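Structural characterization, general
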Amino acid sequence: MPPGADPETRAWASAAVRRFASATNLLVAARRFRIVGGDPRDTAALRSLLTGLGAREALPHEPVDQLWCAGSPEDSTPVIEREADRPRGATLVVVDAGRHLPAVDEDAFGPVAIARPGVLGVPMTSDDVFLVSTGRDPEDDPAAEARLRWARRSMPVSRAVAAELRDGGLLRGTRIGVAMFLEPKTAVLSLLLRDAGAEVVVYAHADETDDAVADALRAAGLTVYASSTASLPEQRALALAMLDTRPHILLDDGSHVIRLAHQERPDLVPTMLGAAEETTSGLRPLRTMAARGELGIPVVAVNDARTKTFFDNRYGTGQSTVFAVLDLLDRLPSGTHRVLPGGTAVVAGFGHVGEGVALVLTALGLRVTVAETDPVRALQALFAGYAVAPLAEAVQDADLVMSATGVADTIDLRALRSCADGTVVAVAGGVDHEVALDDARAAGAERVPVGPKAERLVFPGTDGGPIVLDDGGCINITAAEGNPIEIMDLSFAAQLGAVRMLLERGDELDRAVVPIDPAVDEATARAALAAFGAPAAPPGLLAEHPADREPDVRTRRFGDPS
């Protein structure tokens with residue numbers, strides 16, 4: 001944000017963008033935007049935040065994806081009407097970002113209809129124009145079917161890949177187990193697989209289950225083994241029941257179900273074509289199993305696909321985890337925590353997730369220090385403009401600490417003890433015990449609730465301590481709706497590409513963690529470029545060598561070699 005922006009303006013811009021993201025579950029990065037009206041100081045702060053998050057202000061002649069209205073309805077209405085004239089299927093989200101009064105007259109566009117909680121459609125104007133108010137709370141309604149429809153319209157890449165699978169008939173007779181965070185985007189993936197010819201069974205952990213979405217899938221005819229109230233033994237029973245349907249392919253997030261199959265259903269493993277794994281933390285134990293000769297199926301490393309890790313891990317997780325943290329903090333009583341605009345933050349880990357978290361925190365105006373044990377990544381963080389320090393030292397002055405490693409005990413007992421009273425601790429990684437809460441309890445720390453999904457750790461002999469969010473769980477899953485839809489569209493397109501790999505040549509693949517076919521990455525990226533309105537260069541090298549002539553690799557630096 002602009003250095004001169006006052007704290008109240010920074011807080012307003014942050015809240016407006018987070019309200020938009022929460023209402024729509026859409027991405028900020030890579031989108032073209034235009035701001036209409038508003039106080040120049042407000043629009044400067046909003047523009048700085050949007051561009052800091054990776055959005056691009058559209059040129060006067062360009063169409064936009066997001067129209068941020070910050071002035072009066074008189075300013076906004078003619079611009080909305082002009083931008084509504086667009087090709088069918090090209091979504092326009094109009095954001096009412098009026099700071100003090102509404103900037104959009106919803107009645108000016110005819111009757112409105114709820115597209116999903118917090119988003120209004122204006123069908124009399126266009127089927128592709130939607131209104132979002134950043135100053136109004138969304139409707140308190142799970143609206144699962146509406147959220148599924150909304151997610152599906154923003155997943156063009158996955159839809160295209162699934163259509164190819166359907167047209168090729170590859171999935172007929174194949175049973176696929178989907179074991180992921182059960183929310184609208186995963187539900188769309190499951191339905192796309194079903195529509196492409198597969199039999200689909202779904203499992204999800206209790207803290208990763210949206211019951212309304214699970215019910216919507218059941219109503220659509222899918223078998224779902226998931227409940228948000230299931231105990232740990234019940235979750236195990238549900239996962240085993242899914243495995244007992246004998247899926248040919250597993251799509252996993254964290255590799256928990258892949259490992260459970262090897263541990264508890266070893267007779268199933270030889271009958272499977274393979275699996276695909278979505279996360280960094282899930283691939284680590286699978287690679288260990290492969291090195292020991294214990295992995296009985298090929299597992300496609302979807303996480304390592306460039307169209308996954310460069311975007312999902314960085315832009316998706318960065319936006320969704322930081323926004324989820326700040327949204328939770330907004331619900332805590334004033335004075336409970338230290339996090340304020342212009343404050344300090346520590347990011348533990350500087351892989352792709354850490355990069356994204358640091359980028360978003362910086363865009364929001366926080367000063368970021370990176371704690372990274374890998375010296376090369378620490379150097380990379382330094383070159384990116386961040387301070388670098390050991391974790392136990394860095395947290396002493398931090399207002400916010402976010403773990404982005406996917407490694408257990410990253411925020412260890414020493415780091416927790418070093419945090420100041422009111423420092424907020426949250427997890428953007430993906431494993432259990434990334435915050436050493438068991439060690440804290442063993443050291444006598446008391447967990448005192450301070451608000452929804454927030455507890456203060458009070459160690460013996462102290463009056464206060466750090467505030468841990470949502471039991472140290474991966475915050476964008478346990479306290480929000482996961483990564484933005486467009487990001488998961490890329491990741492799920494890669495998952496579908498992995499399914500094609502396993503169907504076409506699963507018998508030929510090693511019983512190991514195998515890389516995804518580079519052609520999957522390229523096809524996914526080209527489809528995504530088209531969806532984002534950017535032309536892609538034609539396949540091949542920028543300057544093609546004549547096909548009928550061998551490349552001449554002799555040097556000419558010292559004269560004509562002939």
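Residues numbered from 1 in each chain as written. Predicted model: local features only at pLDDT ≥ 70, side-chain atom pairs only at ≥ 80, totals over all residues. Heavy atoms only, no water.

1. A look at the nonpolar core
Counted only if it meets this: Residue types Ala, Val, Leu, Ile, Met, Phe, Trp, Tyr and Cys, when buried and joined through side-chain atoms within 4.5 Å, form a set referred to as a nonpolar core. Buried means the residue's accessible area, taken with a 1.4 Å probe over protein chains only, is under 20% of the maximum for its type, while exposed means over 50%, and partly exposed covers the values in between. The helix and strand labels rest on DSSP assignments: H or I over at least four residues marks a helix, E over at least two residues marks a strand, and numbering proceeds from the N terminus. Note on definitions: a residue-residue contact is assigned when non-hydrogen atoms from the two residues lie within 4.5 Å.
Of all hydrophobic cores here, the largest spans 118 residues; its most connected members are Trp68, Leu251, Leu361 and Leu469. Top contributing element to this core by residue count: helix H18 (residues 485-505), with 13 residues. Setting aside anything within four residues of it in sequence, one finds Leu251 in contact with Ile176, Gly177, Val178, Ala179, Met180, Leu189, Leu193, Ala276, Gln495 and Val499. Tyr203, Tyr225, Ala275 and Ala301 belong to the second-largest nonpolar core, a separate cluster that totals 25 residues.

2. Thoughts on the sheet that holds strand S14 (residues 344-348)
Rules: One requirement defines pairing of two strands: DSSP has to find at least two bridges between them.
The mixed open sheet is built from eight strands, whose spatial order is S16-S15-S14-S17-S18-S21-S20-S19. A single partner strand is all that each edge strand has here, and the edge strands are strand S16 (387-388) and strand S19 (446-451). Inspection of the sheet shows strand S17 (residues 400-403) paired to strand S18 (residues 424-427) by four bridges, in the parallel sense. Looking across to S18, one finds that Val401 is bridged to Val425.

3. So, unusual backbone geometry
A positive phi angle, near 55 degrees, is found at Asn25, a position not held by glycine. When you line up the elements, Asn25 lands in the loop between helix H1 (7-24) and strand S1 (32-36). A relative accessible area of 7% places Asn25 in the buried class. A positive phi angle is found at Arg246, which is not glycine, with a value near 60 degrees.

4. Topic: the sheet that holds strand S22 (residues 513-514)
Basically, it comes down to this: Axes here refer to lines fitted to C-alpha atoms; in helices the fit is confined to the stretch in contact. Angles between the N-to-C directions go from 0 to 180 degrees.
As summarised here, the arrangement of the seven strands in space is S10-S9-S8-S11-S12-S13-S22, forming an open sheet in which the pairing is parallel. At either end of the open sheet lies a strand with only one pairing partner, and these are strand S10 (223-225) and S22. Across five bridges, the pairing between strand S8 (residues 175-179) and strand S9 (residues 199-203) is parallel. Within S9, the residue paired with Val178 across the bridge is Val202. Taken strand by strand, helix H8 (residues 232-243) contacts S8, S9, S10 and strand S11 (249-252), and its axis lies near 165 degrees from that of S9.

5. Some points on the pattern of salt bridges
The cut-off we apply is this: A carboxyl oxygen of Asp or Glu within 4 Å of a side-chain nitrogen of Lys or Arg is what we treat as a salt bridge.
Counted according to the given criterion, the structure contains 39 salt bridges. Of the charged contacts, one joins Glu486 and Arg31 as a salt bridge, the two residues approaching to 3.3 Å between their closest N and O atoms. Here Glu486 is found in helix H18, whereas its partner Arg31 is found in the loop between H1 and S1, with 455 residues between them in sequence. For the residue pair Glu486 and Arg31, the accessibility class agrees, reading buried in each case. Its salt-bridge partner being Arg500, residue Glu164 comes within 3.6 Å of it at the nearest N-O pair. Here Glu164 is found in helix H5 (residues 156-168), whereas its partner Arg500 is found in helix H18, with 336 residues between them in sequence. For Arg500, a relative accessible area of 24% gives the class partly exposed. Because the salt bridges share partners, they merge into one network encompassing Arg31, Arg32, Asp65 and Glu486.

6. Some remarks on the environment of Met272
Residue position: Met272 is located in the loop between helix H9 (256-264) and strand S12 (274-277). Taking the C-alpha atoms as reference, Met272 lies 40 Å from Ala23; in sequence the two are 249 residues apart. Not counting residues within four places of it along the chain, the set of residues in contact with Met272 comprises Pro247, His248, Leu250 and Ile297.

7. Here we look at the pairing of S12
Within a regular strand, the side chains alternate between the two sheet faces. Burial along S12 is two-sided: the face carrying Gly274 and Ala276 and the face carrying Ala275 and Glu277 are both buried. Taken together, the four bridges between S11 and S12 define a ladder with parallel strand orientation. Each bridged residue has a counterpart across the sheet, and for Ile249 the counterpart in S12 is Gly274. Pairing between S12 and strand S13 (residues 299-301): three bridges, direction parallel.

8. A short note on the state of the cysteines
Here is the idea: a disulfide is a covalent bond, and it sits between the sulfur atoms of two cysteines. Selection rule: The disulfide criterion is simple: two cysteine sulfur atoms within 2.5 Å.
This model, assessed by the stated rule, comprises zero disulfides. Distance from the sulfur of Cys419, which forms no disulfide, to the nearest cysteine sulfur (Cys474) is 19 Å. Classification of Cys419 by relative accessible area gives buried; the value is 10%.

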